[in-house]
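Structural overview for review
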Amino acid sequence: MKVAVSACLVGKNTKYNGGNNYNEAVMKYLLDKEYVTICPEVIGGLPTPRIPSERKGNKVINKIGEDVTINFFDGAQKEIEKLLKESINIIIVKEKSPSCGYKQIYDGTFTNTLTEGNGVFVDLALQNGFIIYTEKDIEKMVD
């Protein structure tokens, strides 16, 4: 089975602060699987490191007030096209992210307040029939 996974979860330094979100449970889950990494924010043209961003409605704004919505939507579209070509239907994403968050994301106030909703990439992935898991779902499956 081939799956897609947020690049930061496998230790790639794609996180906004230049680091990663390496997750041991995700790596265990991937041991016997072929996988490709994704990072819609980087593919959408944003640098690493970058100013943190949060989603508010259909907009994505960074912490200094710049509208980076186009980068997020462009990157999401490019990553979806890649996954469709590779016939991948399962994606493991980083929870709470403005791109990859699933069911809960930060609310756009930069106060660490969560709200119901999905990141830009996850919304598009769900519209295209992908199955989504976060690293927390995988941690429960591996334990």
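As shown above, the structure is provided for reference.
So, here's what we can say about the structure.

Basis of the calculations
- Residues numbered from 1 in each chain as written.
- Predicted model: local features only at pLDDT ≥ 70, side-chain atom pairs only at ≥ 80, totals over all residues.
- Heavy atoms only, no water.
- Salt bridge = Lys/Arg side-chain N within 4 Å of Asp/Glu carboxyl O.
- Buried < 20%, exposed > 50% of the residue type's maximum accessible area, 1.4 Å probe, protein only.
- Core = buried A, V, L, I, M, F, W, Y, C linked by side-chain atoms within 4.5 Å.
- Helix = DSSP H or I, 4+ residues; strand = E, 2+ residues; numbered from the N terminus.
- Contact = heavy atoms within 4.5 Å.

**Digging into the pattern of salt bridges**
Tallied over the full model, the rule gives eleven salt bridges. For the salt bridge of Asp67 with Lys59, the shortest nitrogen-to-oxygen distance reads 3.2 Å. Residue Asp67 is classed as partly exposed on the basis of its relative accessible area, which comes to 41%. Connected through salt bridges with shared partners, the residues Lys2, Glu34 and Glu86 form a single ionic network.

**What about the nonpolar core?**
By size, the foremost hydrophobic cluster in this structure holds 21 residues, and its most contacted members are Leu83, Ile91 and Phe121. Counting residues per element, the ones that place at least two in this core are β2 (34-38), α3 (69-85), β5 (90-93) and α4 (120-127). Ranked by residues supplied to this core, first place goes to α4 with five residues. Look past the residues within four positions of Phe121 in its chain and what remains in contact with it is Ile38, Pro40, Ala76, Glu79, Ile80, Leu83, Ile91, Val93, Ser99 and Cys100. The next biggest cluster of nonpolar side chains, apart from the first, holds twelve residues, and it includes Val3, Leu9, Met27 and Leu30.

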